[in-house]
Amino acid sequence: MKILLVDDEHDILQSVRKGLEMRGLSVDAFDDPQKALNAFKPGVYEIAILDVKMPGMNGFQLYREILKRDDKVKVRFFTAFEEYRDEFAKAFPELDEHRFIKKPTTIYSIVEKLLADVKTNRNTG
């Protein structure tokens, strides 16, 4: 499983990347959403984990751009802010809120959610 991880908080980015890699997952990590988008290639990633609040381009904007390039990527949003759930529901009524990973969290919890996403994707795709 190849994961795209985007978070402007360098410490969080590196901790999550290392934790996922220690569990055998392949991760491309970016602290700049525009750089992540520029490097994005269709068909490479099974899952993208995007921080919601980032400078220049927020996670929702990055999500839209990624889906234009590859609509098969499962996307999860990383956020410490509960109020984004309402914004998310308004902007993307077709998607449910299980796509949020609330900060702080554990690597174990993230891995469990990602594996559930992949299992669902393989059973429906």
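Refer to the preceding data block for the structure.
Peer 1: Looking at this structure, I do not really get the overall build of the protein. What am I missing?
Peer 2: Regarding its fold elements, the protein presents five helices and five strands. Listing the helices and strands of the protein from first to last along the sequence gives β-α-β-α-β-α-β-α-β-α. Scored against the burial criterion, the 125 residues of the protein give a buried share of 44%. Within the protein, residue pairs in contact and separated by at least 24 positions form 68% of the contacts whose partners lie at least 6 positions apart. When the accessible surface of the protein is split by element, carbon and sulfur atoms take 49% of a total near 6900 Å².

Peer 1: Help me understand the pattern of salt bridges in this model?
Peer 2: Where charged atoms of side chains with opposite charge meet at close range, the side chains can pair. Applying the stated rule across the entire model yields five salt bridges. Of the charged contacts, one joins D71 and K72 as a salt bridge, the two residues approaching to 4.0 Å between their closest N and O atoms. One continuous salt-bridge network, built from bridges that share partners, spans E65, K68 and R69.

Peer 1: What is the right way to look at the environment of R23 in this model?
Peer 2: Secondary-structure assignment places R23 in the loop between α1 (10-22) and β2 (26-30). Residue classification places R23 among the partly exposed residues on the basis of a relative accessible area of 45%. A sequence separation of 88 residues divides R23 from V111, and the C-alpha atoms of the two residues are 8.2 Å apart. A polar atom in the side chain of R23 sits 3.0 Å from the backbone oxygen of G19.

Peer 1: Help me understand the nonpolar core, please; the structure alone is not making it clear to me.
Peer 2: A general feature of soluble globular proteins is that nonpolar side chains tend to end up buried together. Formed by 19 residues in total, the largest nonpolar core has its most connected members in L4, V6, L50, L62, I66, V75 and F77. Counting residues per element, the ones that place at least two in this core are β1 (2-6), α2 (33-39), β3 (47-51), α3 (59-69) and β4 (74-79). With 12 residues, the next largest nonpolar core counts V16, L20, L25 and I47 among its residues.

Peer 1: I would appreciate a short explanation of the pairing of β2 in the present structure.
Peer 2: Regular strands show a simple pattern: their side chains alternate between the two faces of the sheet. Relative to β2, β1 runs parallel, the two sharing five bridges. Its bridge partner lying in β2, I3 is registered against V27. For the segment spanning β1, α1 and β2, crossover handedness is right-handed.

Peer 1: Any chance you could explain the packing of aromatic side chains here in plain terms?
Peer 2: Any pair of aromatic rings gets described here by the distance separating the centres and the angle formed by the planes. A full pass over the atoms with the stated rule returns three aromatic pairs. With a centroid separation of 5.1 Å and 55 degrees between ring planes, the pair formed by F60 and F77 is classed as tilted. Highlighted residues: F60 in helix α3 and F77 in strand β4, separated in sequence by 17 residues. Judged by relative accessible area, which is 4%, F60 ranks as buried. Of the residues examined, F77 reaches a relative accessible area of 0% and is grouped as buried. Ring geometry for Y63 versus F77: centroids 5.5 Å apart, planes at 65 degrees, classification edge-to-face. You can see Y63 sitting in helix α3 and its partner F77 sitting in strand β4, a full 14 residues away along the chain. In this structure Y63 comes out as buried when scored by relative accessible area, which is 4%.

Conventions and cut-offs
Residues numbered from 1 in each chain as written. Predicted model: local features only at pLDDT ≥ 70, side-chain atom pairs only at ≥ 80, totals over all residues. Heavy atoms only, no water. Helix = DSSP H or I, 4+ residues; strand = E, 2+ residues; numbered from the N terminus. Buried < 20%, exposed > 50% of the residue type's maximum accessible area, 1.4 Å probe, protein only. Contact = heavy atoms within 4.5 Å. Areas by Shrake-Rupley, 256 points an atom, 1.4 Å probe, with all protein chains shown as cover. Salt bridge = Lys/Arg side-chain N within 4 Å of Asp/Glu carboxyl O. Polar contact = N/O pair within 3.5 Å; in protein donor to acceptor, adjacent residues only side chain to side chain. Core = buried A, V, L, I, M, F, W, Y, C linked by side-chain atoms within 4.5 Å. Pairing = 2+ DSSP bridges. Right-handed = clockwise from strand over helix to strand, strands pointing away. Phe/Tyr/Trp six-rings, centres within 6.5 Å; stacked < 30°, edge-to-face > 60°.

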